[in-house]
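# Observations on the model geometry
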2 protein chains.
Amino acid sequence: MAPYRIAVIGLGKIAQDQHLPVIAANPGFELAAVVSQRGLGVPGVPTFRTPAELYAAVPDLVAVSVCTPPDARTAIAREALDAGKHVLLEKPPATTLSEVEALTAVAGRRQRLLFATWHSRFNPAVAEARRLLEGRTIRRLDVQWKEDVRHWHPGQDWVWQAGGFGVFDPGINALSIVTEIVPSPLSVAKADLTFPSNSDTPIAATLAFTCLEGPEEASLSASFDWRQEGEQTWTIEIETADGTLLALHEGGTRLVINGEPGVSAPSEEYQRIYAHWAELLAAGRSDVDVAPLRLVADAFLVGRRHDTAAFHW
Amino acid sequence: MAPYRIAVIGLGKIAQDQHLPVIAANPGFELAAVVSQRGLGVPGVPTFRTPAELYAAVPDLVAVSVCTPPDARTAIAREALDAGKHVLLEKPPATTLSEVEALTAVAGRRQRLLFATWHSRFNPAVAEARRLLEGRTIRRLDVQWKEDVRHWHPGQDWVWQAGGFGVFDPGINALSIVTEIVPSPLSVAKADLTFPSNSDTPIAATLAFTCLEGPEEASLSASFDWRQEGEQTWTIEIETADGTLLALHEGGTRLVINGEPGVSAPSEEYQRIYAHWAELLAAGRSDVDVAPLRLVADAFLVGRRHDTAAFHW
């Protein structure tokens, strides 16, 4: 079968680090073009300044991967759907839930596919944790997601601006794993959000979840912090009612079951994302799960606000 | 047909002012009992302290109306569905979108009906505005929703607590009208939220909407303020691309079309809510629209935070 001719829109860090090399290595896809406002390019592939120029110049394009910062994604995705292209969205799929809802409706009407990716879900250890938790009752969930924003987002001011999500930018990765592996739907019962005095988005957050279908005494919590220097922590611990203790370490790449090593695999998140995208395209199916973004919205809706010192790079 | 035997849970202001008299006047319903933690009662009707006592004592109960403050609603609704009752929810249906999602799933599994009411929608002038806007493009939307919190929520501290919505408690009424009459889905592009220094919820908010399907130059905005003394303002103005100007005044009860009086009817919101509930029960249909709550969540997600003086009753 001929490879799917696709384009990457937005050549920032995630496109350079993941999308472009992964697409280059996947024979199911062919990079037909890239779009970069700043005019960045990829050898051997045409660069366009705007999506409109792309669609006019490459009519046999099948799909686009939208890798711009979140606030621009919805308009770009809308334009792509209107041009008849299938759309893969970096996470989070949009800045608001209403945008995702509207995009889903447009994709349905246009009979185009939408894939809202959550890269952290695409680890073998996450799939194994999901399998192990199926049908079990969860007594305790503890998420610790603590990293150094200066290392991972150097100079990216948009993370502090309204709609930039702040510490929920990494935190939503943890939530995308939690919503993938926990069998029952969660809501946020309490949230404490800590805002730098010069920021519209939080630098730290602690959440207490409720599970409408779990035991009332369950303790379900998450702690996100963007001020962690030294060792970085991306851990999810889950204790089930039957006494099993699962721990996912290093962002979902390593599973430990009752203290014994379980599945441990190198992160091949984006390789799996594009493999899944090829399956979706072949099957004519969309994959849009708003649950992680909905939990972030919950946290903002019920959040207590705390102030902390101004943040400077 | 025998009337539906229903109970009201939570005998606060809205139950006393609206639900109880409206149920009493509707021959399609029979008030079988009330539930009040504080032991408030209604003459001739048994009072229970907890829903569990109600369900044990009144097995032929068909449905409940949940009129408690929002933070308790989801657990009460869940318990009612588990007891096999249909559930009518005061607005907003829950504190978080994940709760509504989970409740909807439970109702589906239990084959019980859920009616998430938005009382402001149940005005003839709103229905007429919806009819007039069908198929039209909107060029300008301006919502002014300004009232005196001391008058409408005297001493209700929960409105200032996390999850209490603040000025979005009335603002969501405006949003429930907007989402009912505007033909295309909206999202919140920008929000400015003003928080009293001693409150977790905003006392004022201005929103700029985007419409994914409207013209880019459309100006769509809302201004909510809880500090308005003297005359109260609940107005929605809409200008369409073909030059029609609609204005809904007094919270959706009076429509003005191009300056000329249109439909004007006394507010019979709760009468219409219960008439619709009887239709839903007869037809076996749920009615759950999260769009107004989703816009509030959008506003919190993209909101810029501003501080103002502490609020005291």
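Residues numbered from 1 in each chain as written. Chains lettered and ligands numbered in written order. Predicted model: local features only at pLDDT ≥ 70, side-chain atom pairs only at ≥ 80, totals over all residues. Heavy atoms only, no water.

## Quick word on the sheet that holds strand E3 (residues 47-48) of chain A
Residues and elements named next belong to chain A. Basically, it comes down to this: Should DSSP find at least two bridges between two strands, the strands are regarded as paired. Secondary structure elements are defined from DSSP: runs of H or I of at least 4 residues count as helices, runs of E of at least 2 residues count as strands, and each element is numbered from the N terminus. Residues are treated as being in contact if the distance between any of their heavy atoms lies within 4.5 Å. Axis definition: a line fitted to C-alpha atoms, over the contacting stretch in the case of helices. Angles run 0 to 180 degrees between N-to-C directions.
The strand order E3-E2-E1-E4-E5-E6 describes an open sheet built from 6 strands, whose pairing is parallel. This sheet does not close on itself; its edge strands, each paired only once, are E3 and strand E6 (114-116). Against the sheet, helix H1 (residues 13-25) makes contact with strand E1 (4-9), strand E2 (29-35), strand E4 (63-66) and strand E5 (86-89), and its axis sits at roughly 170 degrees relative to E1, the strand it touches most. Strands E1, E2, E4, E5 and E6 of the sheet are contacted by helix H8 (residues 269-283), whose axis makes an angle of about 155 degrees with E5.

## Re the relation of the copies chain B and chain A
Stated precisely, the cut-off is as follows: C-alpha atoms of residues with pLDDT of at least 70 in both copies form the basis for the least-squares superposition of the copies.
Structural alignment of chain B on chain A gives an RMSD of 0.0 Å, achieved by rotating through 180 degrees and translating 0.0 Å along the axis. Overall, the copies show the geometry of a two-fold rotation axis. Residue by residue, 100% of the interface of chain B is reproduced at the interface of chain A, so both copies engage with the same surface.

## Quick look at the UniProt feature "domain: Gfo/Idh/MocA-like oxidoreductase N-terminal" (unreviewed entry) in chain A
For clarity, the threshold we go by: UniProt positions are given in the numbering used here, feature names are shortened, and annotations may be inferred rather than shown by experiment.
UniProt annotation of "domain: Gfo/Idh/MocA-like oxidoreductase N-terminal" (unreviewed entry) refers to residues 5-115 of chain A when read in the numbering used here. Split by type, residues 5-115 of chain A is 42% helix and 22% strand. Its first and last C-alpha atoms lie 16 Å apart.

## Some words on the interface of chain B and chain A
Keep this limit in mind: Summed over both partners, the accessible surface that disappears when two parts come together, traced with a 1.4 Å probe, is what is meant by buried area. Each reported salt bridge corresponds to a side-chain nitrogen of Lys or Arg within 4 Å of a carboxyl oxygen of Asp or Glu. Any pair of N or O atoms that falls within 3.5 Å is considered a polar contact. Within protein, one atom must be able to donate a hydrogen and the other to accept it, and sequence-neighbouring residues count only if both atoms are side-chain atoms. Put simply, Ala, Val, Leu, Ile, Met, Phe, Trp, Tyr, Cys and Pro go in the nonpolar bin, Asp, Glu, Lys and Arg in the charged bin, and everything else, Gly too, in the polar bin.
Taken together, the contact pairs 38 residues of chain B with 38 residues of chain A. Both sides together, the interface formed by chain B and chain A hides about 3,100 Å², and carbon and sulfur atoms give 57% of it. Contact with chain A buries area across many residues of chain B, yet Leu212(B), Leu301(B) and Arg305(B) alone supply 26% of it, more than any other trio. Inspection of the region where chain B meets chain A yields 4 salt bridges. Asp307(B) is the salt-bridge partner of Arg305(A), the closest N and O atoms lying 3.6 Å from each other. Linking chain B with chain A are 14 residue pairs in polar contact (both at pLDDT 80 or more), by the criterion used here. Among the elements of the structure, helix H3 (70-82), helix H4 (97-110), strand E8 (186-196), helix H9 (291-302) and strand E15 (303-308) of chain B are those that each provide at least two residues to the side of chain B that touches chain A. It is H9(B) that provides the largest number of residues to the side of chain B that touches chain A, a total of 9 residues. Among the residues making up the side of chain B that touches chain A, the classes are represented as 19 nonpolar, 8 polar and 11 charged.

## Observations regarding H8(A)
All names here are of chain A. The cut-off we apply is this: In this scheme, a helix's expected span is set at 1.5 Å multiplied by one less than its residue total. Burial classes follow relative accessibility: with a 1.4 Å probe on protein chains only, a residue under 20% of its type's maximum area counts as buried, one over 50% as exposed, and anything between as partly exposed.
Its 15 residues place the ends of H8 21 Å apart at the C-alpha level, agreeing with the 21 Å of an ideal helix rising 1.5 Å per residue. Here H8 has its buried residues at Glu269, Tyr270, Ile273, Tyr274, His276, Trp277, Ala278, Leu280 and Leu281. Close packing links the buried residues of H8 with E1, H1, E2, E4, E5 and E6. At the C-terminal side of H8, glycine 284 shows a positive phi close to 70 degrees.

## Considering the nonpolar core
Here is the rule: Each nonpolar core is a collection of buried residues, namely Ala, Val, Leu, Ile, Met, Phe, Trp, Tyr and Cys, held together in the definition by side-chain atoms within 4.5 Å.
Ranked by internal contacts, the top residues of the largest apolar core, which has 114 residues, are Phe168(A), Phe209(A), Phe224(A), Phe168(B), Leu207(B), Phe209(B) and Phe224(B). Residue contacts for Phe224(A): discarding those within four places in its chain leaves Val143(A), Trp145(A), Val167(A), Phe168(A), Gly171(A), Ala174(A), Leu175(A), Ala204(A), Ala205(A) and Leu207(A). Core analysis: the second largest hydrophobic core is formed by 26 residues, Ile23(A), Leu31(A), Val45(A) and Phe122(A) among them.

## What about the pairing of strand E4 (residues 63-66) of chain B?
Residues in a regular strand point their side chains to alternate faces of the sheet. All names here are of chain B. Rules: Look down the strands so they point away from you; if the path from the first strand over the helix to the second goes clockwise, the crossover is right-handed.
Side-chain alternation along E4 places Ala63 and Ser65 on one buried face and Val64 and Val66 on a second face that is also buried. Of the pairings in the sheet, the one linking strand E1 (residues 4-9) to E4 comprises 4 bridges and is parallel in character. Its bridge partner being in E4, valine 8 is matched across the sheet by serine 65. Inspection of the sheet shows E4 paired to strand E5 (residues 86-89) by 4 bridges, in the parallel sense. Paired with alanine 63 across the strands is histidine 86, a residue of E5. For the handedness criterion, the β-α-β arrangement of E4, H3 and E5 is classed as right-handed.

## Focus: the sheet that holds strand E12 (residues 245-249) of chain A
Residues and elements named next belong to chain A. A sheet is described by the order of its strands in space; here 9 strands give the open sequence E14-E13-E12-E11-E7-E10-E9-E8-E15, paired in mixed fashion. Bordering the open sheet on either side are strand E14 (260-264) and strand E15 (303-308), each of which pairs with just one other strand. In this sheet, adjacent strand axes meet at a mean angle of 15 degrees when their direction is disregarded. Where strand E11 (residues 233-240) lies against E12, 4 bridges are found, and the strand directions are antiparallel. Bridge pairing in E12 places isoleucine 236 opposite leucine 248. In the packing of helix H7 (residues 168-181) onto the sheet, contacts are made with strand E7 (138-146), strand E8 (186-196), strand E9 (204-211), strand E10 (219-225), E11 and E12, and the angle to E7 comes to roughly 155 degrees.

## A look at the pattern of salt bridges
Residues and elements named next belong to chain A. Tallied over the full model, the rule gives 36 salt bridges over all chains. One salt bridge connects glutamate 180 with arginine 121, and the closest N-O pair in it is separated by 3.4 Å. One end of the pair, glutamate 180, is in helix H7; the other, arginine 121, is in the loop between E6 and helix H5 (124-133), and 59 residues separate them in sequence. In this structure, the salt-bridge partner of glutamate 180 is arginine 130, at a minimum N-O distance of 3.5 Å. Separated by 50 residues along the polypeptide, glutamate 180 in helix H7 and arginine 130 in helix H5 bring together distant segments of the chain. Judged by its relative accessible area of 22%, glutamate 180 falls in the partly exposed class. The exposure class of arginine 130 is partly exposed, given its relative accessible area of 37%. Salt bridges linked by common partners bring Arg121, Arg130, Glu180 and Asp289 together as one network.

## A few points about unusual backbone geometry
Look at the link from Lys91(A) to Pro92(A): it is a cis peptide, with omega at -10 degrees. Relative to the helices and strands, Pro92(A) resides in the loop between E5 and helix H4 (97-110). Backbone geometry places Glu250(A), a non-glycine residue, at a positive phi of 50 degrees. In this fold, Glu250(A) is placed in the loop between E12 and strand E13 (254-257). Judged by its relative accessible area of 44%, Glu250(A) is partly exposed. Its identity as a non-glycine residue notwithstanding, Gln111(B) has a phi of 55 degrees, on the positive side. Residue class for Gln111(B) comes out exposed when judged on its relative accessible area of 67%.

## Things to note about the pairing of E9(A)
Residue and element names in this part refer to chain A. In this structure, E8 lies alongside E9, joined through 8 bridges in antiparallel fashion. If you follow lysine 190 over to E9, its bridge partner there is alanine 208. Here E9 runs beside E10; their pairing, made up of 5 bridges, is antiparallel. From the neighbouring strand, threonine 206 faces E10, where its bridge partner is serine 223.

## Some thoughts on the packing of helix H5 (residues 124-133) of chain B against helix H7 (residues 168-181) of chain B
All names here are of chain B. Where H5 meets H7, the axes come as close as 8 Å, and the angle between the chain directions of the two elements is 35 degrees. Residue-level contacts link Val126, Ala129, Arg130 and Leu133 of H5 to Ile177, Glu180 and Ile181 of H7. Tallied by class, the residues present in the contact of H5 with H7 amount to 5 nonpolar, no polar and 2 charged.

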